[in-house]
Each structure stands twice: as C-alpha cells, then as structure tokens.
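Secondary and tertiary structure notes
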Amino acid sequence: MIMGQDLEAKQTWQEDPSMQIEQNEQAGQVEKFRQTGQTRQISQTGQTDLTGQFGQTEQNGQTGQNDQTRQGGRSGNMCLRIIRQIFRLTAADLRRFVRSPKAVLILVFSIFFAWDFVKLVVPYAEGQNVAVTPFVYPFFLNEWSGCLYTLLLICVLMSDAPFQNGSELFLRLRVSKYVWLAGKTLYILAVSFLYQVILAILCVLVFVPETGVGFSTSWGYVLRSYYIGSGGAVDMNGNATTGSLLSYAPVTAMLLQILLAALVSAMLGMLMLLLNALFRNYTGTVLVSVVSCAHLLLGSLGIYGAISFDSMVVPTSWINLGNLAEEMSPYLAAGILAGIMAVLALAGAVLLRFRRIEVWE
C-alpha cells in the first residue's frame, strides 16, 4: 500500500510542472547559499590574514620604537653618569684643597694683604668720620700692590697642577682620561671663583674694626675720594671718565671684577696644568708665575716708554677692571679669557689623545 502511494506521488510530480520548477528554485537557493557561505568564509579568512599581517607590522614597529627608546635611554644614562663622575672628581679636589695647609696659608696672606690696603684708605675716612661702603674689592685690585699680591696668590693656588694625589691609579679603573681632564678643568674654574669671592669678602671685613662699613647703593665719599686722590680717571669737574671704576655702578663693578679675576686665575691654572703635565715637573708653575707678573714688574721699572709696550695686550692685566681702557670692554675681555680657557682645554684633550701627556703616572 505504501509503495502504491509513492508511485502515485511520483507520477503526480512528473505530471505537475510547477512542482518541478519550485524544487529547482529551492535547489538553486541552496547552491547560492552554499556559495555565499564559501565566499564569506574566504573573505573572513582574508581579513584574518590582513589583520595578522597588520598586527605583525605594528608589532615590528613597536619593537623598533622600543629599541630606539632603549638606545636613547642608554645614551642619556651614559651622559648622566659622565656628568656625575666629573662633579665627583671636582668635589673631591675641592674637599682636599680646603683641608690642605696651602688653603690656610693663602687665607692668612690674603688677610694680610687686604689689611695692608686699609692704611691707604683710612685717612680719607678719618677726616670726615664716615664709614666705607662694601665695594672695596675693585679698588684693591686697582692698586699695583693689590694686583701683584693677587696674581702671586693665584700662582700659589694653582702651583700643584695637575693636582694629583696618588689616587690616579685607582681612577684609571673607573673614569676615562677625558673625564679626568674635564674634572680638573671644572675644579680650576670652581676654586678660582671661590677664591675671588672670599677675597672680595675679606676686603670688606678688614675695614670693620677701622672705619666700619656702611651699606649704600653708591660708591660713597671714602672710596670716591681715595680713587680721585690716587690718580683715578676723572675730568676737571671731578666726574668719572669713560673706562674708570667710578663710571660703573658699584654692584656691576663688583660682579665684573670677580668675573675677570676668576677667569684670569682659571686661565693661569689651566696653563700650569698643561705645562706641568707636559714636562712632568713644575716648570709650568715657574714660567707662568713669572709671565703673569711681568707687566707689573716692567711697569714698576718704568720700561714701558722705552720699549713702547702696551700692557693692555697682556691678558693677565685684565684682572684689574680699572685697567681696561675705552677700546676694551670688560665683557669683551671676559669673552676672550673664556675663549682662551676653551682653547687650553681642547689642547689638553689633543695632548691626551696623542699621549703627549700621561695622567696615570
């Protein structure tokens, strides 16, 4: 009976064309669905591949950026480490100098020379019973004896350049010779400015028991009278001429004087360091000490006129702010001295490079 029904349905399907068309349409939709599914699968696979490639590219880019960041960080850390080494070398030399007998000797002689200057100024204060303003330091260096004493004490200060203390063999294992040179150069600059600041303070303190010190924004009667009385550059009306100490504001003159004296001191110290290291003895100390005071000695003998010698061409004469004429600005002098320091430091690096000087002996 079932077989009869199947035969009957088959005959009905064959005889009815609409049923055949409907079934064909259903079969076509199934085929299209299968093709669509395959297309979507292929598309998704392609997107997955592109996403993977993009992810790999992005990962590679991030890896390159991380490498560059690491390299930059290493360079920055190396620079910081070198700077710390330079400052540690400078601090060690400063501590050793402060504790040395030479520092005490220089301090004692500085007080003595500053006190010797007091007797030149006190007569101008006693007549009017007025105190001295705290701007004494430029006038101390403007005096021939004060300038000579300061240059001699600077030579004593730098006499043991290159400031070796027996620890260089241990430093060889930790720092390079160029770091050593940078540390010595910074030490010379630091001790030069430190000494000039101390000397400027001492020039004020020695007047406290004699005339007292009065605070003012001007030069004051005592210093002005002393400068004019000692032959300072003023016109017929008593007004300061261009280039004289009185033509500067007191604070400006103090700062410029400290700057010039410190740069001259640093220049002499650097020259001593190179010559002493080059000859491996204290030849540089002797030569620089003689040359630094030569313009003062020639001037005291009155030889300038005989040989037509202009002391302005000698950089050591720029230690005196009052010695700078109209054609030589103190800022120009400071720039030239700083340039000489840079050239000497570069010369030291070149000598180290070609082993003309040896710092580890």
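Residues numbered from 1 in each chain as written. Predicted model: local features only at pLDDT ≥ 70, side-chain atom pairs only at ≥ 80, totals over all residues. Heavy atoms only, no water.

Examining the overall build of the protein chain
Per the secondary structure count, the protein chain includes 13 helices and zero strands. Its helices and strands taken in sequence order, the protein chain reads α-α-α-α-α-α-α-α-α-α-α-α-α from the N to the C terminus. Out of the 361 residues in the protein chain, the part that is buried amounts to 36%. For the protein chain, restricting intrachain contacts to residue pairs at least 6 apart in sequence, the fraction spanning at least 24 positions comes to 78%. Within the structure as shown, the protein chain displays about 21,100 Å² of accessible surface, and the carbon and sulfur contribution to it stands at 62%. (Helix = DSSP H or I, 4+ residues; strand = E, 2+ residues; numbered from the N terminus. Buried < 20%, exposed > 50% of the residue type's maximum accessible area, 1.4 Å probe, protein only. Contact = heavy atoms within 4.5 Å. Areas by Shrake-Rupley, 256 points an atom, 1.4 Å probe, with all protein chains shown as cover.)

Considering a nonpolar patch on the surface
A cluster of nonpolar side chains, Leu107, Ile111, Trp115, Leu194 and Ile198, forms an exposed patch at the surface whose accessible area comes to about 410 Å². Only α3 (101-126) and α7 (177-205) provide two or more residues apiece to the nonpolar patch. If you tally residues by element for the nonpolar patch, the top one is α3, at three residues. Inspection of the secondary structure assignment puts leucine 107 in helix α3. (Patch = residues over 30% accessible without salt bridge, like charges linked within 9 Å, V, L, I, M, F, W, Y side chains within 5 Å. Salt bridge = Lys/Arg side-chain N within 4 Å of Asp/Glu carboxyl O.)

Focus on the packing of aromatic side chains
Applying the stated criterion across every chain, the model contains twelve aromatic pairs. When the centroid spacing of 4.9 Å and the interplanar angle of 75° are considered together, the rings of phenylalanine 163 and tyrosine 187 count as edge-to-face. In this pair, phenylalanine 163 is assigned in the loop between α5 (144-157) and α6 (168-171) and tyrosine 187 in helix α7, connecting sequence segments 24 residues apart. Take phenylalanine 163 and tyrosine 187: they sit in the same class, and that class is buried. Connected via pairs of aromatic rings, a cluster forms that spans Phe117, Tyr124, Phe135, Phe139, Phe140, Phe207, Trp219, Tyr226 and Tyr227. The ring of phenylalanine 354 carries arginine 353 above its face, with NZ or CZ at 5.7 Å from the centroid. (Phe/Tyr/Trp six-rings, centres within 6.5 Å; stacked < 30°, edge-to-face > 60°. Lys NZ or Arg CZ within 6 Å of the ring centre and 35° of its normal.)

Observations concerning the environment of cysteine 203
Relative to the assigned elements, cysteine 203 resides in helix α7. Setting aside chain neighbours within four positions, we find cysteine 203 in contact with Ala114, Val136, Tyr137 and Phe140.

Structural notes on the pattern of salt bridges
Per the counting criterion, the structure on display carries four salt bridges. Residues lysine 184 and aspartate 93 are paired through a salt bridge, measuring 3.1 Å at the closest nitrogen-oxygen approach. Residue lysine 184 is found in helix α7, and its partner aspartate 93 is found in helix α2 (residues 17-98); the two are separated by 91 residues along the sequence. Aspartate 93 matches lysine 184 in its accessibility class, with the two residues each being buried. Between lysine 102 and aspartate 160 there is a salt bridge, and its shortest N-O distance comes to 2.7 Å. Taken as a pair, lysine 102 in helix α3 and aspartate 160 in the loop between α5 and α6 lie far apart in primary sequence, 58 residues in all.

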